[in-house]
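Listed here are the chains, written in short residue letters.
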Amino acid sequence: MDNSSPKVGHLKIASWNAYSIKAKKLELLKFLQEHEIDVLLVQETFLKPQDKFTLQNYTIIRQDRLRERGGGTLVATRKNIYHYEIPNPHEELEGTFIAIPTREGTVVLGSLYISPTQGTPFEQEHLEALFEDPSLMVIIGGDLNAKHQDWGCRSTSNRGALIQESATELEYFIRPPNEPTHYGSFGQPEILDLFLLKNIRKASTTQAIHDLSSDHLPIIFEYGDIRYRRQYTKVRTFTDWGKLQEKLEAADDLPTINSAADLEALSPRSQTTLSSQ
């Protein structure tokens, strides 16, 4: 079957700040199955290069934070969706990025984490790196640690003001959920997780889901009527000639085979003798 044949449907995308993902694999698999997630964007994985982490039926691409504790981002994509990793558009951004070719154009998806630590770089140039290409469809999901009253937050931060003010110039849309996503030990619940979309025309509203173990709730939205390439796993088969020889030696009633015609005439009973050894 041609792996370039398109599938027409929806992409269901989730973003989640895991605040350490290794011990949460089982509940995450259950979440992915129950909500039929196609692409998962994760922040604060806390993974290091020596840590092995897999999710059944998903291909994982990740960027671990190497020098400091915490951090790290990850994108998990269903194995039947053709995609590939692309470079981080700006070296100062902490994120993982993939591209999914579609009949409508290339869709770029990114898992982005911006630390709340004072001095973490996030300026106009970073937003331009993400959204300046007018030809791309872009979906950025993550914990941006930014606040704006227009998103339902109680206050507006400098970072939130920058994201809001740049949206018109760079032609992206801000899609927060309609309820808080962060429930920390101190302070009031707040909306810190959201999606930024460019050239995405048919998208559902963003929902916060009360699930998974973290101080952040996962958020989900669907992108509809998209035709993307399906990817199939190539299955390779090998003949175990040693085992075949053992079966032939064990079978005592096989006829002599001197030609292809003799082989074609091999009785079903003899074929059964071979397969049942």
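Structure: see above.
Student: So, helix α3 (residues 158-170): which residues are in play, and what are the values?
Tutor: Look at α3: 18 Å from first C-alpha to last across 13 residues, which is about the 18 Å you get at 1.5 Å a residue. Looking at α3, one finds that the buried residues are R159, G160, A161, L162, I163, S166, A167 and L170. Check the buried side of α3 and you find it contacts α2 (124-131), β9 (173-175) and β10 (193-198). Just beyond α3, the residue with positive phi is E171, at close to 60°.

Student: Help me get a handle on the packing of α2 against α3, residues and values and all.
Tutor: For the pair α2 and α3, the least separation of the axes is 11 Å and the interaxial angle reads 40°. By the angle between their axes, α2 is oblique relative to α3. When you trace α2 past α3, the crossing you get is right-handed. Along its contact with α2, which presents Q124, L127, E128 and F131, the element α3 presents L162, I163, S166, E169 and L170. The residue inventory of the contact of α2 with α3, partitioned by class, reads five nonpolar, two polar and two charged.

Student: Lay out the nonpolar core in plain terms, naming residues and giving numbers.
Tutor: Judged by nonpolar contacts, the single largest core of 26 residues is most densely connected at F131, I140, L144, I163, Y172, I174 and L196. Only β6 (94-102), β7 (105-113), α2, β8 (137-143), α3 and β10 provide two or more residues apiece to this core. With four residues, the single largest contributor to this core is α3. The next biggest cluster of nonpolar side chains, apart from the first, holds 22 residues, and it includes I61, L197, I219 and F221.

The rules we used
- Residues numbered from 1 in each chain as written.
- Predicted model: local features only at pLDDT ≥ 70, side-chain atom pairs only at ≥ 80, totals over all residues.
- Heavy atoms only, no water.
- Helix = DSSP H or I, 4+ residues; strand = E, 2+ residues; numbered from the N terminus.
- Expected span 1.5 Å × (residues − 1).
- Buried < 20%, exposed > 50% of the residue type's maximum accessible area, 1.4 Å probe, protein only.
- Contact = heavy atoms within 4.5 Å.
- Axes fitted to C-alpha atoms, helices over the stretch in contact; angles between N-to-C directions.
- Parallel < 35°, antiparallel > 145°, perpendicular 65-115°, else oblique.
- Left-handed = near helix turned anticlockwise from the far one by under 90°.
- Nonpolar A, V, L, I, M, F, W, Y, C, P; charged D, E, K, R; others polar.
- Core = buried A, V, L, I, M, F, W, Y, C linked by side-chain atoms within 4.5 Å.

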